[in-house]
Amino acid sequence: MPSLIIEPLNTQHFIMDRDDRKRNKNIGKNFMCRLQCMFSHSSSSESRLSLEDTQQWSQSLERLLESKYGLATFRNFLKSEYSDENIEFWLTCEDYKKIKSSFRMSSRAKKIYEQFIKAESPKEINIDYHTREQIKRNVKTPTMHCFDDAQKIVYGLMERDSYPRFLRSDIYRTLLENLAADATKG
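Residues numbered from 1 in each chain as written. Predicted model: local features only at pLDDT ≥ 70, side-chain atom pairs only at ≥ 80, totals over all residues. Heavy atoms only, no water.

Comments concerning helix α8 (residues 148-168)
An ideal rise of 1.5 Å per residue puts 30 Å on 21 residues; α8 measures up with 29 Å between its terminal C-alpha atoms. Most pronounced at Met 158, the bend in α8 amounts to some 40°. (Helix = DSSP H or I, 4+ residues; strand = E, 2+ residues; numbered from the N terminus. Expected span 1.5 Å × (residues − 1). Bend = angle between axes of the 7 residues up to and from the residue.)

So, in structure tokens, the structure goes:
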């Protein structure tokens, strides 16, 4: 009698696994299409998402963030987990460092502080009290490097936490599988 109960459960489990694989395959293909559409206007040599590029994302967080497709995929993954404040802060800091005008720098530094650093801010990042207070002082007379300590902390958090989760995620694994399947088709 127990084997009769176990058998239907195993069959049902198999059907669910097969359905999940189909769904993941479709998610991966849809995501690939969206990524390629996002960058289709680009004329660079990296105009198509390749298996080789996608495999290189697993070498380091730096390698992932250097790739426009890698960055877009990582951001989408973090948004799906409702934990995109770290990458948003890191990217905002990268843009901030390019500002030349001291007036724009001052204005932008205050906005970054209000959005990411200040306690209870909308996208508050996870940094220690000392760093938060140092930035609060730095923002009064901002320089190009006033967020560097926080940016290093956030990069470290992403490298130790978000990035390994991304590499194990269905989004990344399915993307790799679909690209590998497309590569073998020719």
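So, the pattern of salt bridges
This structure, assessed with the given rule, holds nine salt bridges. We note a salt bridge from Lys 97 to Glu 94, for which the minimum N-O separation is 3.5 Å. Where salt bridges share partners, they join Glu 81, Asp 161 and Arg 165 into one cluster. (Salt bridge = Lys/Arg side-chain N within 4 Å of Asp/Glu carboxyl O.)

Some words on the side chain of Gln 151
Tracing the sequence through the fold places Gln 151 in helix α8. Sequence-distant contacts of Gln 151, defined by excluding residues within four places in its chain, comprise Phe 89, Trp 90, Cys 93, Glu 94 and Lys 97. (Contact = heavy atoms within 4.5 Å.)

Structural notes on helix α9 (residues 170-185)
With 16 residues, α9 should cover 22 Å at 1.5 Å per step; its first-to-last C-alpha distance of 22 Å lies within 8% of that length. Along α9, the positions that sit buried rather than exposed are Tyr 172, Thr 174, Leu 175, Asn 178 and Leu 179. Taken around the axis of α9, the buried residues stretch over an arc of 165°, which confines them to a single face. Away from the buried face of α9 by more than 90 degrees, exposed residues Glu 177 and Thr 184 are located. (Buried < 20%, exposed > 50% of the residue type's maximum accessible area, 1.4 Å probe, protein only. Arc of directions from axis to C-beta.)

What about the packing of aromatic side chains?
Here a ring pair, both rings aromatic, is described through the centre-centre distance and the interplanar angle of the planes. In the structure shown here, the tally under the stated rule is nine aromatic pairs. Ring plane angle 40° and centroid distance 6.0 Å describe the contact between Trp 90 and Tyr 155, whose orientation is recorded as tilted. Residue Trp 90 is located in helix α5 (residues 85-96), and its partner Tyr 155 is located in helix α8; the two are separated by 65 residues in the primary sequence. Between Phe 166 and Tyr 172, the ring centres sit 5.1 Å apart and the planes meet at 40°, which makes this aromatic pair tilted. Among the residues examined, Phe 166 registers a relative accessible area of 0% and is labelled buried. Residue Tyr 172 is classed as buried on the basis of its relative accessible area of 3%. Here a set of aromatic residues connected by ring pairs shows up, and it is made of Trp 57, Phe 74, Phe 77, Phe 166 and Tyr 172. The cationic tip of Lys 68 hangs over the ring face of Tyr 69; the distance from NZ or CZ to the ring centre is 5.5 Å. (Phe/Tyr/Trp six-rings, centres within 6.5 Å; stacked < 30°, edge-to-face > 60°. Lys NZ or Arg CZ within 6 Å of the ring centre and 35° of its normal.)

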